[in-house]
Amino acid sequence: MAQSPPPTSRAAIGSLVLIAGVVAAAAGAFAYTGGFLSPERLTPPKLVGALAPPGGPALGHRRNHAKGICFTGSFQSNGQGAALSKAQVFAKGDYPVVGRFNLGTPDPNAPDATVRVRGLGLQITAGGQVWRAAMIDPPFFPVATPDAFYALLEASHSKDPDAMKGFIAGHPEFATFAGWAGSAPFMASYAQDAFNSLNAFLFTDAAGATHAVRWSYRPQAQPEPLSPADFAKLGPNHLETEIAERVAGAPQRWTLVLTVADPGDPTADPSKAWPEGRRSVEAGTLVVDKVEDERDGPCRDINFDPTLLPDGIAVSDDPFPAARSAAYARSYNLRTAEWKDYPYQAPASPAAGSTVQP
Amino acid sequence: MNAQSTRFTVLQRALHWLMAVGILAMLFIGVGMVSTVMPKYLPLLEAHKTLGIVILLLALLRLAVRFVYGAPALPAAMPAPMKLAAHLSHYGLYALMIGMPLLGWAMLSAGAYPVVLYGGIRLPSLLPPNAGLHALLWQAHVWLAFAFFALILLHLAAGLFHALIRRDGVFESMAPIAGPREGTTPAE
């Protein structure tokens, strides 16, 4: 091989310093990119960590919406959604569904009446592509940005008595949510709740035109609105027991309503509902026909990441789906790594006894 | 390449430098994407998955090319421990170039995720869903990524050490363009 004379010792020392400098610069750039030098950066571990209650997270469980129950069923598409999106799921037909009714709490044992927000995790499989979504029952989100959501978590866990006051002063949109939380009735059943995407997504139709869409699954069951006190009387695990019994008696249905933004509607801010009178399309019916306990149910190991979308649906300028995807992945990585802590072998919960199919 | 050749073939050098850029980009995208909740998380994730598959294909091609063309012998004057370190580090680099994309793909499969690349290309699952396996593969993917970056820094330092201090032609054997010393007798 080509050989050159060795460098003088002075030049060699200079070269060693140069090499050390190159390695240190590369390592520093890597550390900077990974956020190791930026403690103020909102990272997925930081956001997910802020969800934990003061006693720490429930190991092995979802870091939020930890209490839930699995179901399977189908989405019966009526073909009308094809006007907005070319996704296979909107072509007329029946597509299999796995989902999860849940409560917006980091505590898998929280009494039902202590939890204000209810959720629906959903996976529809059509044409070999999955559409996952995680929706909640409020008509708008509490805050406008992921940073504000983190600030809300920080304030709600703060020992400073003025922390929430300070947060509300800086985030006026939260008052709208607080108004809903304080006045909306508690439905007696998951089957009576409407579940809303809140985030806007871009639907692309067969002609290539895009439409900003938010959607809701609206219950077909008769609503039974209760006061918080009356709902609490039903018991700490009423919702899971009730939905299992109800579905064992008859399949439960929700209508998927797609709502299209008018030009100028806020697509990037889920704390702002769109005005009434927007074009809406009823795209089909979600049919829930089997409820199973989460412990060995089909939803347990599914991350209902709302950015896992079929061709024909994409994220919009709404910053939440990306933040949720990053945080959900963190939660999923943590809880699967804690699988030994998950109560696979625990005695069945009160709800599980009634999940037996007729 | 015959045993007397002092340089890797043009194809090998092109693959080396192309993959050097790709793998460094991959590691930076990976460590960057898991540290952000900003909208850029999604395009970074998509780029990470896509680039990972490209690197896997290039690494397999490169391994085949290596079997066909071999590599220039290390200088006879190189101490045996240094030669051993060189050989072992290269086994490690090949194992990681091929193993990391497979680990990532398998991790997503075990996590019941669809594997969707740039342009909507969908890959099949490598494994059935399994939470415990997902956790194992995730931890391996994370820790081996840091090991990979450390090995690349070592490789970079060794390359510069050969170029600047030992000046024994090892760096020139993989240099993208022929250096001034190539094919000439030493000056002075």
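All of the points below concern the structure found in this document. (Residues numbered from 1 in each chain as written. Chains lettered and ligands numbered in written order. Predicted model: local features only at pLDDT ≥ 70, side-chain atom pairs only at ≥ 80, totals over all residues.)

## Looking at the overall build of chain A
Thought 1: Per the secondary structure count, chain A includes 8 helices and 12 strands.
Thought 2: Over its C-alpha atoms, taken along the principal directions, chain A stretches across nearly 90 × 55 × 45 Å.
Thought 3: Counting all 358 residues of chain A, 44% fall into the buried class.
Thought 4: Contacts in chain A between residues at least 24 apart in sequence constitute 75% of all its contacts with a sequence separation of at least 6. (Helix = DSSP H or I, 4+ residues; strand = E, 2+ residues; numbered from the N terminus. Buried ≥ 20, exposed ≤ 12 C-beta atoms within 10 Å, placed from the backbone. Contact = placed C-beta atoms within 7 Å.)

## Some points on the nonpolar core
Thought 1: If you look at the biggest cluster of nonpolar residues, it comprises 101 residues, and the most contacted ones within it are W131, V213, Y217 and I243 of chain A together with V37 of chain B.
Thought 2: A total of 9 residues in this core trace back to one element, the largest contributor, which is helix 3 (residues 80–110) of chain B.
Thought 3: Residue contacts for Y217 of chain A: discarding those within four places in its chain leaves L120, M135, A194, F195, W254, L256 and L286 of chain A. (Core = buried A, V, L, I, M, F, W, Y, C linked by C-beta atoms within 7 Å.)

## So, the interface of chain A and chain B
Thought 1: Opposite the 44 residues of chain A that make contact, chain B presents 44 residues.
Thought 2: Of all the secondary structure elements, the ones that give two or more residues to the side of chain A that touches chain B are helix 1 (9–33), helix 2 (44–51) and helix 8 (320–337) of chain A.
Thought 3: Here the side of chain A that touches chain B is composed, by residue class, of 29 nonpolar, 12 polar and 3 charged. (Nonpolar A, V, L, I, M, F, W, Y, C, P; charged D, E, K, R; others polar.)

## As for the pairing of strand 7 (residues 201–204) of chain A
All names here are of chain A.
Thought 1: Taking every second residue as pointing to the same face, the buried face of strand 7 carries F201 and F203, while none of L202 and T204 on the other face is buried.
Thought 2: Pairing geometry for strand 7 and strand 8 (residues 210–219), over 4 bridges, is antiparallel. Opposite F203, over in strand 8, you have H211 as the bridge partner.
Thought 3: What sits between strand 7 and strand 8 in their antiparallel hairpin is a turn of 5 residues, with G208 showing a positive phi close to 95°.
Thought 4: As paired elements, strand 7 and strand 12 (residues 313–315) share 3 bridges and run antiparallel to each other. Following the sheet pairing, F201 is matched in strand 12 by V315. (Pairing = 2+ DSSP bridges.)

## So, the pairing of strand 4 (residues 129–136) of chain A
Residue and element names in this part refer to chain A.
Thought 1: With respect to burial, strand 4 is a largely interior element, 8 of its 8 residues being buried.
Thought 2: Across the two faces of strand 4 the burial is the same, with Q129, W131, A133 and M135 and V130, R132, A134 and I136 all buried.
Thought 3: Pairing analysis gives 8 bridges linking strand 3 (residues 118–126) to strand 4, with the strands arranged antiparallel. The partner of L122 across the bridge, within strand 4, is A133.
Thought 4: A loop of 2 residues connects strand 3 with strand 4, the two strands running antiparallel in sequence, and G127 in this loop sits at a positive phi of about 60°.

## Let's talk about unusual backbone geometry
Residues and elements named next belong to chain A.
Thought 1: Backbone geometry places H65, a non-glycine residue, at a positive phi of 55°.
Thought 2: Assignment of secondary structure puts H65 in the loop between helix 2 and strand 1 (67–77).
Thought 3: A positive phi is found at L198, a non-glycine position, where the angle reads about 60°.
Thought 4: Here L198 shows up in the loop between strand 6 (195–196) and strand 7.
Thought 5: For L198, a count of 22 C-beta atoms within 10 Å gives the class buried.

## Focus on helix 3 of chain B
Residue and element names in this part refer to chain B.
Thought 1: Taking 1.5 Å as the rise per residue, helix 3 with 31 residues should run 45 Å; its terminal C-alpha atoms sit 43 Å apart, in good agreement.
Thought 2: G99 marks the point of greatest bend in helix 3, at about 30°, and the proline P101 comes within the next four residues.
Thought 3: Considered for burial, the residues of helix 3 that qualify are L96, M97, M100, P101, L103, G104, W105, A106, M107, L108, S109 and A110.
Thought 4: Structurally, helix 3 contributes buried residues whose contacts are with helix 1 (10–33), helix 2 (41–69), strand 1 (115–116), strand 2 (122–123) and helix 4 (131–166).
Thought 5: Residue A112 follows helix 3 closely and has a positive phi angle near 65°. (Expected span 1.5 Å × (residues − 1). Bend = angle between axes of the 7 residues up to and from the residue.)

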